[in-house]
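# Observations on chain architecture
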Amino acid sequence: MKKIMITLAAALSLLTAGSALAAERSFIEEVRYTTDGIVDIELEDKGARGGAIKWTGAEKVEVRDAAGKPMKASISRQGRDSLSIFVEKPKIGEKYSFAISGFDFAGEKDVKLSSWFVAEPGWRAEYEGAPRKSPGAAAEVRHHDGTHWGELYIHEMEFEKGGRLDLEFKAAGGRTPAIDWDGREELSIADAKGKYYPANVIKMERDELKLRIGGLTAGERYSITIKNIQYAGKSVTLSAEFVARDGWRMERR
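Residues numbered from 1 in each chain as written. Predicted model: local features only at pLDDT ≥ 70, side-chain atom pairs only at ≥ 80, totals over all residues. Heavy atoms only, no water.

Further remarks concern the overall build of the protein. Within the protein, the secondary structure is distributed over one helix and 21 strands. Looking at the protein residue by residue over its 253 residues, the buried ones come to 49%. Accessible surface computed for the protein: about 12,300 Å², of which carbon and sulfur atoms make up 47%. (Helix = DSSP H or I, 4+ residues; strand = E, 2+ residues; numbered from the N terminus. Buried < 20%, exposed > 50% of the residue type's maximum accessible area, 1.4 Å probe, protein only. Areas by Shrake-Rupley, 256 points an atom, 1.4 Å probe, with all protein chains shown as cover.)

Inspection of every chain in the model, using the stated rule, returns 15 salt bridges. R32 is paired through a salt bridge with E42; the nearest N and O atoms lie 3.1 Å apart. In this pair, R32 is assigned in strand β2 (residues 26-33) and E42 in strand β3 (residues 38-45), connecting sequence segments 10 residues apart. For E42, a relative accessible area of 23% translates into the label partly exposed. Residue K60 is joined to E62 by a salt bridge in which the shortest nitrogen-to-oxygen separation is 3.9 Å. (Salt bridge = Lys/Arg side-chain N within 4 Å of Asp/Glu carboxyl O.)

Our next topic: unusual backbone geometry. Its identity as a non-glycine residue notwithstanding, D36 has a phi of 55°, on the positive side. By the secondary structure assignment, D36 is in the loop between β2 and β3. A positive phi is found at D110, a non-glycine position, where the angle reads about 45°. Inspection of the secondary structure puts D110 in strand β10 (residues 108-118). On the basis of relative accessible area, D110 is assigned to the partly exposed category, the value being 41%.

A separate point is the nonpolar core. One recurring pattern in soluble globular proteins is that nonpolar side chains are buried together. Counting 63 residues, the largest nonpolar core has F117, I224 and F242 as its most contacted members. Setting aside residues no more than four positions away along its own chain, F242 makes contact with M157, F159, L165, I189, I213, L216, E220, R221, Y222, S223, I224 and W248. (Core = buried A, V, L, I, M, F, W, Y, C linked by side-chain atoms within 4.5 Å. Contact = heavy atoms within 4.5 Å.)

On to the side chain of T225. Tracing the backbone through its elements, the reader meets T225 in strand β19 (residues 221-231). The residues touching T225, leaving out its near neighbours within four places in the chain, are E186, L187, S188, T237, L238 and S239.

The subject of this paragraph is the packing of aromatic side chains. Given two aromatic rings, one states the distance between the centres and the angle between the planes to describe the pair. Under the defined criterion, the tally for this structure stands at eight aromatic pairs. Judged by centre distance (6.0 Å) and plane angle (15°), the ring pair of F159 and F242 falls under stacked. On the criterion of sequence distance, the pair formed by F159 in strand β14 (residues 152-160) and F242 in strand β20 (residues 234-243) is long-range, its members being 83 residues apart. For F159, a relative accessible area of 5% puts it in the buried group. Relative to W181, the ring of F169 has its centre 5.8 Å away and its plane inclined at 65°; by these criteria the two rings are edge-to-face. One end of the pair, F169, is in strand β15 (residues 164-170); the other, W181, is in the loop between β15 and β16 (186-191), with 12 residues separating them in the sequence. The pair formed by F169 and W181 is uniform in burial state, with each residue classed as buried. (Phe/Tyr/Trp six-rings, centres within 6.5 Å; stacked < 30°, edge-to-face > 60°.)

Quick look at the structure:
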């Protein structure tokens, strides 16, 4: 059986994170897919001026599917620090990348930002800054049961019908961690026989990951492994098991 190992960026299906080609201070803070090809985008900056978009008339958006094929798309004003993209006839559940440029933001001229989204109503991703250009290599460390690494562990999992699996992470003492999702994470889900299943990330935050997994059999037990999580300067692997039963829940302290 061929193993399915996907990066969170490729799966889109984690997180990852933020905006590439970002200006020094500006970054994409949030991406939301609403419905019918509409993508809402909120911007932020790390400067003291506060963020405000200045439309120049040269605004441009480029959207491509997972195969790199360009999609018909347009960009429009939404708010002081937000804008919308309209993509013509996206396929539900598919991942798309986008690049926006040609406007000024927070005192920066001709800002260029890029990120991605999944065309699934309600899909949402939040970022706390532009991704690091080079995450850096670090030794992978695992605790004896796979669910813990130092201070980081899988605190709670909950399964809902339709293949929805929500994960919440905690740090030592029950603290909320700030996981540095960078899109290089590798996600794999397998059954007891070693068969692997595809998954899409529908939401990712500093301490959460929400997935939709295809092909699961109700009532069966599955394992989930997430590799290359960037946390506290290390590349971390976490793993756990869940049951594909509506309402199933696990909490670990």
